[in-house]
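These are the residues of each chain, in order.
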Amino acid sequence: DIYDDKLALKIEDEYLERCPKNGLLLHGCLDLLDKISDKYHLSIITNGFEETQKLKLQYSGIQHYFNSVFTSESVGTKKPDPAYFDYVIEQLNVKREKCLVIGDNPMSDIHGGNRSNIDTCWVNTQGFKKKMSSNYYVDNLHQLIKLF
């Protein structure tokens, strides 16, 4: 084991600097966004930081697909807290039954959506063995495209 606090902080800083700028997207992401962005109001809901999300969207080149971005920093709480989802629903001025949470994190996205009575689609790209209860389940974005 190596215990070097200075090195750990340097690695953390470097990660936070580089990660948002890599611009990598999941395979099928652009196909999905091209198919659904004209039909649906798309919002990003994330536990990420405001500035980090802006950079991720900028470097990935997909910001024009989304009508709004809700970060835990701007909302004041984190997913899976139902208050987070309530805030987003209120800000968007939509009915829950018209929404779908699409996410890859079984706890914050799927459990949070379920607790908030919003339909969910779990995109299990990481191959978790246990399936969280969700309205829809896919292993990749190409399967998700077929749902629309």
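These figures come from a predicted structure and were not determined experimentally.

Asks: For this particular structure, what's the right way to read the overall build of the protein chain?
Replies: When helices and strands are counted, the protein chain shows seven helices and five strands. Within the span of the protein chain, comprising 148 residues, buried residues form 32% of the whole. Within the protein chain, counting contacts between residues at least 6 apart in sequence, those at least 24 apart form 47% of the total. Carbon and sulfur atoms make up 50% of the accessible area of the protein chain, which totals about 9900 Å².

Asks: How do you make sense of the packing of aromatic side chains when you look at a structure like this?
Replies: A ring pair, where both rings are aromatic, is described by two values, the distance of the centres and the angle of the planes. In this structure the tally under the stated criterion is five aromatic pairs. Seen from their ring centres, Tyr-84 and Phe-85 are 5.7 Å apart, and the 65° between their planes marks the pair as edge-to-face. By the burial criterion, Tyr-84 is buried, and Phe-85 matches it.

Asks: What should I look at first to understand the confidence of the model for the protein chain in this one?
Replies: Detail in the predicted coordinates should be disregarded across regions flagged by low pLDDT. Of the residues in the protein chain, 90% reach a pLDDT of 70 or more, and the chain-wide mean stands at 87. Per-element averaging of pLDDT across the protein chain places helix 1 (residues 5-18) at the bottom with 73 and helix 5 (residues 82-92) at the top with 97.

Asks: Please explain the nonpolar core as it appears in this structure.
Replies: Looking at soluble globular proteins, one finds that nonpolar side chains tend to be buried together. Counting residues in each nonpolar core, the largest one holds 16 residues, and the members touching the most others are Leu-32, Leu-33, Ile-62, Phe-66, Val-123, Leu-141 and Leu-144. Sorting the residues of this core by element identifies helix 2 (29-36), strand 4 (119-123) and helix 7 (141-147) as the ones contributing at least two each. For this core, the element with the most residues is helix 2, which contributes four residues. With nine residues, the next largest nonpolar core counts Val-75, Val-88, Val-101 and Ile-118 among its residues.

Asks: Just to check I follow, could you spell out the sheet that holds strand 3 (residues 100-103) for this structure?
Replies: Each strand in a sheet pairs with another by means of backbone hydrogen bonds, the pair being arranged parallel or else antiparallel. Strand order in the open sheet formed by three strands is 3-4-5, with parallel pairing between adjacent strands. One side of each edge strand has no neighbouring strand; the edge strands of this open sheet are strand 3 and strand 5 (136-138). With direction set aside, neighbouring strand axes in the sheet form an average angle of 15°. Where strand 4 lies against strand 5, three bridges are found, and the strand directions are parallel. Along strand 5, the bridge assignment pairs Cys-121 with Tyr-136.

How each quantity is defined
- Position numbers for residues start from 1 in each chain and track the written sequence from start to end.
- Under the rules for a predicted model, residues below a pLDDT of 70 receive no local features and side-chain atom pairs below 80 are neither given nor counted, while totals for whole chains, interfaces and linings still include all residues.
- Working from all heavy atoms in the structure, the side-chain values ignore hydrogens and water.
- For the purposes of this entry, the term helix denotes a DSSP run of H or I that reaches at least four residues, the term strand denotes a run of E that reaches at least two, and both are numbered from the N terminus.
- Relative accessibility thresholds used throughout: buried, under 20% of the residue-type maximum; exposed, over 50%; partly exposed, between the two (1.4 Å probe, protein chains only).
- Note on contacts: a residue pair is in contact if any heavy atoms of the two residues lie within 4.5 Å.
- Here the accessible surface of atoms and residues is derived via Shrake-Rupley with a 1.4 Å probe, and residues count as covered only by protein chains that are part of the display.
- Only rings of Phe, Tyr and Trp enter the pairing, Trp through its six-membered ring, and a pair is recorded when the two centres are within 6.5 Å. The plane angle decides the type: under 30 degrees is stacked, over 60 is edge-to-face, the rest tilted.
- Per-residue confidence from the predictor is reported as pLDDT, a score between 0 and 100.
- By nonpolar core we mean a set of buried residues, namely Ala, Val, Leu, Ile, Met, Phe, Trp, Tyr and Cys, connected to one another through side-chain atoms within 4.5 Å.
- Each pair of strands is called paired provided DSSP finds at least two bridges between the two strands.
- To obtain an axis, a line is fitted to C-alpha atoms, over the contacting stretch when the element is a helix, and the angle between two such axes runs from 0 to 180 degrees between their N-to-C directions.

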